[in-house]
Amino acid sequence: MPTIDASFPPAPSTAPLVTRKKPFYANLWVQVLVAIALAILLGHFAPARAVAMKPLGDAFIRLITMVITLIIFCTVVSGIAGVQDIRKVGRVGGKALLYFEIVSTLGLLIGMVVGNVWKPGAGFHIDPATLDARAIADYAGQAKAQGVTEFLMHIIPNTVVNAFATGDILQVLLVSILFGFALSAIGSRAKPLLDLLESLTRAVFKVVNIVMRFAPIGAFGAMAFTVGKYGLGSLGPLLRLIAVFYVTCIGFVIVVLGLIAAAAGFGIFRFLGFIREEILIVAAVNASEAALPTLMEKLERLGCSRSLVGLVVPSGYIFNTDGTGLYMTLAALFVAQATNTHLTVTQQLTIFAVATLTSKGASGVQGASFIALVATLTVVPTVPVAGMALLLGIDRFMSTGRALVNMIGNGVATIVIARSEKELDRGTLNRNLVALRGKVIESQ
């Protein structure tokens, strides 16, 4: 079975890379791809059995989720405490937030433009009165408008333990940053604790290494359930929306993220090949969080510093919601068009403005984007929220696109910010993208 070497700290980007080829069938991406193909066949020919495979996918996601908070805490705390120039942490955080806001807002804008140009909901002529509003009652109950104050207050956990118990990435990130600065201020007296964190980090990534062996099984279970439960035929009536959304996602990755990557000195297709295992896993299990640990490790091996990766990637899962932004404005316009609800420019701008806030934190958790969209639509009473029932049947298919764009966007963002900090040069970055692709890396 494939492994991802979890040795810490990663070798310096300028160190020689020793690689050994694996048999083709031993590559994780090959095994996941085969598992997805088998799952689709099972879902199509034996739906009942395929649906029963759901616990396999859920178990894999839970195995990954259980170590995410520890990974974030260990990498952020040890990264910040080990930075000689503590001002760099604030500088990196500021750059990251500015980048996230610009690119995710661009995603919202592109989704709105595509919705107005292609009009995926035109021609449905749905009478809202005929829709089953009870189908989204649970989502509507969880959806509520969240102001800036409420959002900021939510960042602060009730207790330190509660942040880890609930698995709230943003709260864990806040606790980790505070601990990192505290240890940095203590200085050499904190070395025993830092050594302990170093050992704990190694152990946690070894756990990830073990868990990733089960990725093909998790991918099989999740994909089999999706196809068996909803069936490929369920896509028919809403195929236009799905097609428009995925074309938009692909265009965003290739054009927008591609241009950003080119400006940073690397090719987007080379990067996609580098994280192909993460792409397949996210596509299969419908959760971007499943790729967070290995994505962080791969970015460090490219040459990005541990402190930068620890800050940018976890916070990106909250603030850098490119795929969610594309979905929310496009889906909002679809609901309005499908129910023959005319939206004025002011109403569309209102949806856009509210979505810039509600889309934050809607990645990495299944169903969160749907809830965020319900909350967004409630600010424009003329749009029947019951129209969201049209999207329920295909939301799992749509969430794949959202999760993929979010994950890819966070990877690109980390490299861009690392390049701006001069942590790795263009030549080293591109050499490592090629050398580390599909190889087992052995530390010297």
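What counts as what
Residues numbered from 1 in each chain as written. Predicted model: local features only at pLDDT ≥ 70, side-chain atom pairs only at ≥ 80, totals over all residues. Heavy atoms only, no water. Helix = DSSP H or I, 4+ residues; strand = E, 2+ residues; numbered from the N terminus. Contact = heavy atoms within 4.5 Å. Areas by Shrake-Rupley, 256 points an atom, 1.4 Å probe, with all protein chains shown as cover. Patch = residues over 30% accessible without salt bridge, like charges linked within 9 Å, V, L, I, M, F, W, Y side chains within 5 Å. Salt bridge = Lys/Arg side-chain N within 4 Å of Asp/Glu carboxyl O. pLDDT = per-residue confidence, 0-100. Core = buried A, V, L, I, M, F, W, Y, C linked by side-chain atoms within 4.5 Å. Buried < 20%, exposed > 50% of the residue type's maximum accessible area, 1.4 Å probe, protein only. Axes fitted to C-alpha atoms, helices over the stretch in contact; angles between N-to-C directions. Parallel < 35°, antiparallel > 145°, perpendicular 65-115°, else oblique. Left-handed = near helix turned anticlockwise from the far one by under 90°.

In terms of helices and strands, the protein carries 21 helices and two strands. Contacts in the protein between residues far apart in sequence, at least 24 positions, make up 86% of those at least 6 positions apart. With the model as given, the accessible surface of the protein reaches about 18600 Å², and the carbon-plus-sulfur share is 67%.

All right, on to a nonpolar patch on the surface then. A contiguous nonpolar surface patch, about 490 Å² in accessible area, is contributed by L106, L109, V113, V117 and W118. Among the secondary structure elements, V113 is positioned in helix α4 (residues 87–118).

Moving on to the confidence of the model for the protein. Averaged over every residue, the pLDDT of the protein is 84; the share at 70 or more is 86%. The lowest-confidence element of the protein is strand β2 (residues 440–442), averaging 39 in pLDDT; the highest-confidence one is helix α11 (residues 239–264), averaging 96. This model gives residues 1–19 a pLDDT under 50, and the stretch forms 57 contacts once residues within four places in sequence are excluded.

On to the nonpolar core. Within the largest apolar cluster, 138 residues are counted, with the highest numbers of intra-cluster contacts made by F271, L391 and I408. Broken down by element, the residue count for this core peaks at 13 residues, all from helix α3 (residues 54–81). Setting aside residues no more than four positions away along its own chain, F271 makes contact with F266, L299, I408, G411, V412, I415 and L433.

Let us now look at the packing of α3 against helix α15 (residues 306–319). Remark: α3 packs on α15, axes separated minimally by 7 Å, with the N-to-C direction vectors making an angle of 135°. With respect to α15, the axis of α3 lies oblique. Taken as a pair, α3 and α15 cross one another with a handedness that is left-handed. Residue-level inspection shows I72, T75, V76, S78, G79 and I80 of α3 in contact with α15, the latter providing R306, S307, G310, L311 and P314.

Our next topic: unusual backbone geometry. A positive phi angle, close to 50°, is found at H125, a residue other than glycine. The backbone of N286 shows a phi angle near 60°, a positive value even though the residue is not glycine. Along the chain, the position of N286 falls in the loop between α13 (276–285) and α14 (292–302).

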